[in-house]
Amino acid sequence: GPGKPTLRDLWDRPRGDAAHAVGAAVPLTSVRTHLESAHHWEMQRIFGDPMSVTPPSAKHLFYSCGVIEGIFLSVNIGTMSPLIFEMLMPYHLKYTGLIV
């Protein structure tokens, strides 16, 4: 009917007015703020409060990454894995050289 609001009217209207036009029992603004705060608290429960927990220091990151890279390096040296790869695929370096 002519009195029924169109989608364009609802879209251009502020959030609070749009909720009353649809006939919702609860204003959309309160639903939205409730969902945002629920999401916020759930993220805080999972990740902790970012304002109270400091991030790891640069020294900590450097050493932990160094340990992980050291493990990779020692496994590569111990198993000679890059050389095994080239023995199984001898064309690999040749084509790489041709492309470069």
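About the thresholds
- Residues numbered from 1 in each chain as written.
- Predicted model: local features only at pLDDT ≥ 70, side-chain atom pairs only at ≥ 80, totals over all residues.
- Heavy atoms only, no water.
- Helix = DSSP H or I, 4+ residues; strand = E, 2+ residues; numbered from the N terminus.
- Buried < 20%, exposed > 50% of the residue type's maximum accessible area, 1.4 Å probe, protein only.
- Phe/Tyr/Trp six-rings, centres within 6.5 Å; stacked < 30°, edge-to-face > 60°.
- Salt bridge = Lys/Arg side-chain N within 4 Å of Asp/Glu carboxyl O.
- Expected span 1.5 Å × (residues − 1).
- pLDDT = per-residue confidence, 0-100.
- Patch = residues over 30% accessible without salt bridge, like charges linked within 9 Å, V, L, I, M, F, W, Y side chains within 5 Å.
- Areas by Shrake-Rupley, 256 points an atom, 1.4 Å probe, with all protein chains shown as cover.

## Considerations on the overall build of the protein chain
A count of helical and extended segments in the protein chain gives six helices and zero strands. Reading the protein chain from its N terminus to its C terminus gives the helix and strand order α-α-α-α-α-α. Across the 100 residues that make up the protein chain, the buried fraction comes to 4%.

## A look at the packing of aromatic side chains
What characterises a pair of aromatic rings is the spacing of the ring centres plus the angle enclosed by the ring planes. For the structure on display, the rule yields one aromatic pair. Judged by centre distance (5.8 Å) and plane angle (65 degrees), the ring pair of F62 and Y63 falls under edge-to-face. Residue F62 is classed as exposed on the basis of its relative accessible area, which comes to 61%. Y63 sits in the exposed class, given a relative accessible area of 53%.

## Describing the pattern of salt bridges
If you walk through the whole model with that rule in mind, you get one salt bridge. Here E42 ties to R45 by a salt bridge, and the two come within 2.8 Å at their closest N and O atoms. Of this pair, E42 and R45 both sit in helix α3 (residues 28–47), separated by three residues, roughly a single helical turn.

## What to know about α3
Helix length check: α3 (20 residues) gives 28 Å between terminal C-alpha atoms against 28 Å at 1.5 Å per residue, within 8%. Positioned one or two residues after α3, G48 has a phi angle of 85 degrees, which is positive.

## A few points about the confidence of the model for the protein chain
In the predicted model, the protein chain carries a mean pLDDT of 76, and the fraction of residues at 70 or more is 79%. When mean pLDDT is taken per element in the protein chain, helix α4 (residues 58–79) scores highest with 90 and helix α2 (residues 15–22) scores lowest with 55.

## Focus on a nonpolar patch on the surface
On the surface, M80, L83, I84, F85, M87, L88, M89, Y91, Y95, L98 and I99 cluster together to form a nonpolar patch covering roughly 1200 Å² of accessible area. No other element matches helix α5 (residues 81–88), which puts five residues into the nonpolar patch. Turning to its location among the elements, Y95 is positioned in helix α6 (residues 91–99).

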